[in-house]
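Coordinates in review
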Amino acid sequence: MEPAEQTVLLTNRCDYDEPHLTAALGELLRGQRKKQNIVLVIAAAMLLVYCVIAWFKFHDSLYLVLSAVTLVLAAAVAWMIRIMPARLAKKQAAKLRETSDGLSYSALFRADGIGFTNLKGQERAAVPYSVLARVAEPTGLILLITVQKQMILLDPKRFEGGTEADFWRLMNEKCPNALPASRRA
């Protein structure tokens, strides 16, 4: 059966604009490297404390150099978490403007997967529920992340044919392991 012929259970329209893409990319980056970032920040803080104490104790300039390197490392982590998503979102939004008719897409939830349409109603290939690895809720969004690290953005206020509660019921039925623990039935 063709995707267009299948019954749509729920629809959601979301704008893939810079604020939404920034939130989504930030969540994706934080989620992929969360443990590594925490370990890196803790190690950098411990090294910085050690270097400051050692400098006061031994007055060796090597400890000041190590402190500076540690601060640069911490700045790099902060840049990756805070600034890089905004820059990537700006590029992605510009690319979407060039290659399509706009930044607004609809997600069509069907029994076997999620289809996408642009403003003209042209549908792209469907994503089966089985490839959803994680569902996250950055501020003002619902983000579906596939095992290939693709993102599907949903606006929790723009569901049609149902509500956000209906979406969570559907996700509990189709892919409960991808849901946050607080959303599992």
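Let me sum up the structure you'll find in this document. (Residues numbered from 1 in each chain as written. Predicted model: local features only at pLDDT ≥ 70, side-chain atom pairs only at ≥ 80, totals over all residues. Heavy atoms only, no water.)

Some points on the nonpolar core
Ranked by internal contacts, the top residues of the largest apolar core, which has 38 residues, are Phe109, Ile114, Leu132, Leu144, Ile152, Phe167 and Met171. Excluding residues within four positions of it along the chain, Met171 makes contact with Phe109, Tyr129, Leu132, Leu144, Pro176 and Leu179. (Core = buried A, V, L, I, M, F, W, Y, C linked by side-chain atoms within 4.5 Å. Buried < 20%, exposed > 50% of the residue type's maximum accessible area, 1.4 Å probe, protein only. Contact = heavy atoms within 4.5 Å.)

A few points about the pairing of strand S2 (residues 104–110)
Within S2, seven of the seven residues are buried, which leaves it mostly tucked inside the rest of the structure. Pairing of strand S1 (residues 8–15) with S2 involves seven bridges; the strand directions are antiparallel. By the bridge assignment, Cys14 is partnered in S2 with Tyr105. Bridge count between S2 and strand S3 (residues 113–117): four bridges; the pairing is antiparallel. Each residue of the ladder has a partner; that of Phe109, found in S3, is Ile114. (Helix = DSSP H or I, 4+ residues; strand = E, 2+ residues; numbered from the N terminus. Pairing = 2+ DSSP bridges.)

Quick notes on the sheet that holds S3
Strand pairing within a sheet occurs via backbone hydrogen bonds; the two strands may be parallel or antiparallel. Strand order in the open sheet formed by five strands is S4-S3-S2-S1-S8, and the pairing between neighbours is antiparallel. Where the open sheet ends on each side, the last strands, each with one partner, are strand S4 (123–128) and strand S8 (159–160). Inspection of the sheet shows S3 paired to S4 by four bridges, in the antiparallel sense. Within S4, the position partnered with Ile114 by the bridge is Val127.

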